[in-house]
Structures are given as C-alpha cells and as structure tokens.
Amino acid sequence: MIALLDTGSTGFMLVCTMLVLLMTPGLAFFYGGLSRRKNVVNTMVMIFAVLGIVGVAWVACGWSFAYGGDGSIPVFGGLDQLGCLSAVNDMVAEAAGTPDAFAILSGQGALGTDPELAASYPAIIDIVFQMAFAMITCAIITGAVAGRMKFGAVCAFVAVWVLAVYAPLAHMVWGGEGSLIGEVIGALDFAGGDVVHISSGLTGLVLCIMLGRRKGFAVLSYRPHNVPFVALGAALLWFGWFGFNAGSEFAADGVAALALLNTVTASAAGVLSWLVAERVHVGKCTLVGAATGLVAGLVAITPAAGFVEPWAALVMGAVTSPVVYAAIAWAKRRIGYDDALDAFGCHCVGGIVGGVLTGLFCVPELSWTDAGGLLYTGDWSLLGAQVLGIVVTVVFVVAADVVLGFIVRACFGGSLRVSAADEAAGLDVAVHGESAYPAYLGLD
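Residues numbered from 1 in each chain as written. Predicted model: local features only at pLDDT ≥ 70, side-chain atom pairs only at ≥ 80, totals over all residues. Heavy atoms only, no water.

Engineer: It is not clear to me how the overall build of the protein should be interpreted in this structure. Could you clarify?
Structural biologist: Across its full length, the protein holds 17 helices and zero strands. A compact globule built from 444 residues would reach a C-alpha radius of gyration of about 22 Å, and the protein, at 21 Å, matches this within 12%. In terms of overall dimensions, the protein has a C-alpha envelope of 70 × 45 × 35 Å along the principal axes. Looking at the protein as a whole, 57% of its 444 residues are labelled buried. Put simply, 76% of the contacts in the protein that link residues at least 6 apart link residues at least 24 apart. Split by element, the accessible area of the protein, about 16,600 Å² in all, is 69% carbon and sulfur. Taken together, the 16 basic and 29 acidic charged side chains of the protein have centroids lying 30 Å from each other. (Helix = DSSP H or I, 4+ residues; strand = E, 2+ residues; numbered from the N terminus. Rg over C-alpha atoms; globule rule 2.2 N^0.38 Å. Buried < 20%, exposed > 50% of the residue type's maximum accessible area, 1.4 Å probe, protein only. Contact = heavy atoms within 4.5 Å. Areas by Shrake-Rupley, 256 points an atom, 1.4 Å probe, with all protein chains shown as cover. Lys, Arg positive; Asp, Glu negative; His and termini not counted. Charge placed at Lys NZ, Arg CZ, Asp CG, Glu CD.)

Engineer: I tried to follow the state of the cysteines on my own but got confused; where do I start?
Structural biologist: Among covalent bonds in proteins, the disulfide is the one between the sulfur atoms of two cysteines. On inspection of all chains with the given rule, the structure shows zero disulfides. With no disulfide of its own, Cys208 lies 11 Å from the sulfur of Cys348, the closest cysteine sulfur. A relative accessible area of 2% means that Cys208 is categorised as buried. (Disulfide = S-S within 2.5 Å.)

Engineer: Any chance you could explain the environment of Ser367 here in plain terms?
Structural biologist: Structurally, Ser367 can be placed in the loop between α13 (343–361) and α14 (374–377). Residue classification places Ser367 among the buried residues on the basis of a relative accessible area of 7%. C-alpha of Ser367 to C-alpha of Leu188: the two residues are 179 residues apart in sequence and 7.8 Å apart in space. Those residues within four positions of Ser367 in sequence are excluded, and the remaining contacts are Leu188, Phe307 and Cys362. Engagement of the side chain of Ser367 in a polar contact is seen with the side chain of Thr369, the distance being 3.1 Å. (Polar contact = N/O pair within 3.5 Å; in protein donor to acceptor, adjacent residues only side chain to side chain.)

Engineer: Sorry, what's going on with the pattern of salt bridges here?
Structural biologist: Oppositely charged side chains are able to pair whenever their charged atoms sit close together. Under the defined criterion, the tally for this structure stands at three salt bridges. Here Glu423 ties to Arg417 by a salt bridge, and the two come within 3.0 Å at their closest N and O atoms. On the accessibility criterion, Arg417 (15% relative accessible area) is buried. (Salt bridge = Lys/Arg side-chain N within 4 Å of Asp/Glu carboxyl O.)

Engineer: Honestly, unusual backbone geometry in this entry has me stumped. Any pointers?
Structural biologist: Keep in mind that most residues, glycine aside, have a negative phi and that most peptide bonds are trans. At Cys84, a position not held by glycine, the phi torsion is positive, near 50°. Checked against the element boundaries, Cys84 lands in the loop between α2 (40–67) and α3 (87–96). On the basis of relative accessibility, which here comes to 13%, the residue Cys84 falls in the buried class. A positive phi angle, close to 65°, is found at Asp370, a residue other than glycine. Considering the arrangement of structural elements, one finds Asp370 in the loop between α13 and α14. The exposed category is assigned to Asp370, whose relative accessible area is 69%.

Engineer: Explanation requested: the nonpolar core in the structure shown.
Structural biologist: The nonpolar side chains of soluble globular proteins are, as a tendency, buried together. Counting residues in hydrophobic clusters, the biggest one holds 126 residues, and the most contacted among them are Leu27, Phe30, Tyr31, Trp58, Tyr166, Phe244 and Val308. With 16 residues, the top contributor of residues to this core is helix α6 (residues 151–174). Residues contacting Val308, with those up to four places away along its chain left out, are Leu258, Asn262, Ile301, Ala313, Met316, Phe361, Cys362, Val363 and Leu366. (Core = buried A, V, L, I, M, F, W, Y, C linked by side-chain atoms within 4.5 Å.)

Spelled out as structure tokens, the structure:
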C-alpha cells in the first residue's frame, strides 16, 4: 500500500525545517557574544559564509553524496542526484500520484523504517531539512578557530569538508540499507549525535591544534564581550532545536511529540546541573553558564530524542552538563588545546556522552534496529554498537580532517593562521574592514 501525501506531516516538516534553518544565524549570536570585541564581526561572518557555501554545495553535490545511490556503498551515497535534478520531476510525479515517486527519503526516523509513511510529505522537503543540518554542523566548527584562522582558509575548508566528510558520514549513519554505522554496526543516532555534534566538535579540535594557541592563551582571561548576545543565541538555538529533534521523526506523530518533550526535559536538566557545578566550582552562577548548560543538555539528548523516556532524558541532561563543564573548565587548560569557543568541549564531548547513554536508556519498542538499551534488556549489544559507531566516527573524521587541513594549509601559503599583526589588531578591522562597535574604536 502506498500512502498519500499528508498535509499535517507536510506542514509539520516545513515548520521543522524552518526552525532548523534558524539555528545557524542563532549560533552566530551565541558565538558572537562569546568572542572578543575585536573579533565579533569575523566570528559572525564565518557563520554567514557557511550559509552560502553549504547552501550551494548541498544542492550541487552534498545531497547526492549523502542520500543518493542504491545503498550498495556503505560509506557513500551516489552521483545520481547531482544538482537535485530529479527533485522537480519527483514533485510533479507526487502531485500526479504516480507510484514511482514515493520513495523512502533518507533512511532516518519513521520514513526509513515504515514504507507506509514513506510518502507522508513531499520528498523535496527533505533536501532542505538535511541542508539545514549540514549548515549548523559546519557553523559549529568555526567556534574552535575564532580569532585566528584565515577567512579564506575557513571558507575553503568548509566547502570541501561538507562534501568529503559530512555527506559520507551522514550516509554511513542515515543512509538506510547497507550504511556502515546505521545498518552494518547497528548504532542509533536519532538526530545527529555522531553526524552533527561529534563530527563538528572533533573537527574544531583538529583545526585548533593545527593552528596553535592564541596569543596569551592560559595567561590572559578571554571573557565573553556581550553576554546578552550569548543569551539571545542560546534562545534561538533552543527554539530551533525543537525542529531539529522532533523533525527527525519525519512524521507528525507520537514519537515526534516524545522527541519534543525529551528535548525540553534534557535542556532543562542541563541548565540546572550546570549552574550547580558552576556554583560549587567558582561560587557563582552565570548567564553564560546557564546558556552553555542549555546547549549541553540539547547536545546530549540529540542522539536519543525519540528513543528514550522523559525520565531518562532528564538523567542524560543532568549527567552530560557537568561532564561538559569539566571538559571546558578543567580539561582544556590541563591538556592545553585552545578551542576558542568550546566547540569540542560542548559538542563532541556532549555528543559522545549522549551517544553512549542512548545504549543504556533506549526503549526497545522505539528502536530502529529492534535492539533495546542495557537497562531494559540486560543485553550489551546496543551499547557496544553505540561505542563502535562513535569510534568509527572519530577515526573517519580525524583522518579526513588531518588530510584536508594539510591540503588547505598548502593552498594558503603553508599557514592557516592570520598574521600576528592582524591577530593583535583584531580580525574585524584587519580582515573585514568593519567593526561591530565603530564608536568604540573611533571609526564612526
């Protein structure tokens, strides 16, 4: 039986897609507020550049690399949907009601497991929905290199990374039948723990190590220059995340509602546990801390949003937030890597914790693979699959990042980093010729 297009699910997916698109400009405010005053324009323009680069690359190649092909290659989609050339034809066929237009969209959520739902909304929506995921993933990376990486090098790296790393990884996890992580290994990732958060945070770590530390790192105190910007950005991310997680069910149903509830629950627990950790560690609760704890809770629940019960979402947010706090407040200085705006500490560390906890708390009846969490079944298989999926993600991303980093560095005169003079002056004026606060610099 072929399902007819459902206006409810169509409207739901359109709204979710727009919510996810909102997240990337929201991240610009979040990162912009966290950055130094002299680098806020550079920090924000990198994210807006990502919107342009990924928007073009995804339609040209990315969608096909991630979700094209016939499933015969475990780590790559195909070349059959370059330029999304078949999208309009499929839409016309859907409108005409011809059966061949109703194909499983991406292997994610209900649409990847239930043929009855495979045509519940027009397939063309999924191209934009997945594009929005690629945009926010690439934007997260820029936080690690803020204030010291050449703008052209950032653009070049993102343009290659979204096609050579993000798209194959999306296929490995969400590519449906034959995909390496999702099908062969059997790991679960509801909305992007591996694909979005671990990949972006880990890439940020690789780049910041290749760049070297900022001048004065571990000596100067780098404080957020605009705390209200941080709060505004966190609010936009929180709001957009509801589309991010609930929309990953690909249907307006009970699981989408569960994902929405779990998203709120985990983020609430993340805020509270961060504030407690901050109060114990430094004696004060801060707005920046509350905003970061909110994001940490959101990252934690992303791989599990539609798989766990609300009480488990609460535990996941409460546990993950202090772990992320420790990674940012203690491990970064102890180990010595200079992740400027904590892309690695928040997203990679949080994504790993969330992915592992999914293997503990997944309700068997909600699992795509029919495997339940250790807590429910006493079986270690899903937990093992989660860990193995994370290991494969880490190995693939690090290896690809190092290769791409060296290639881009060679193309930019052997250095990814701006000059010492530009770094000291600030990249806003030195690189972009504008300032967020011209009166402050006497430029008005």
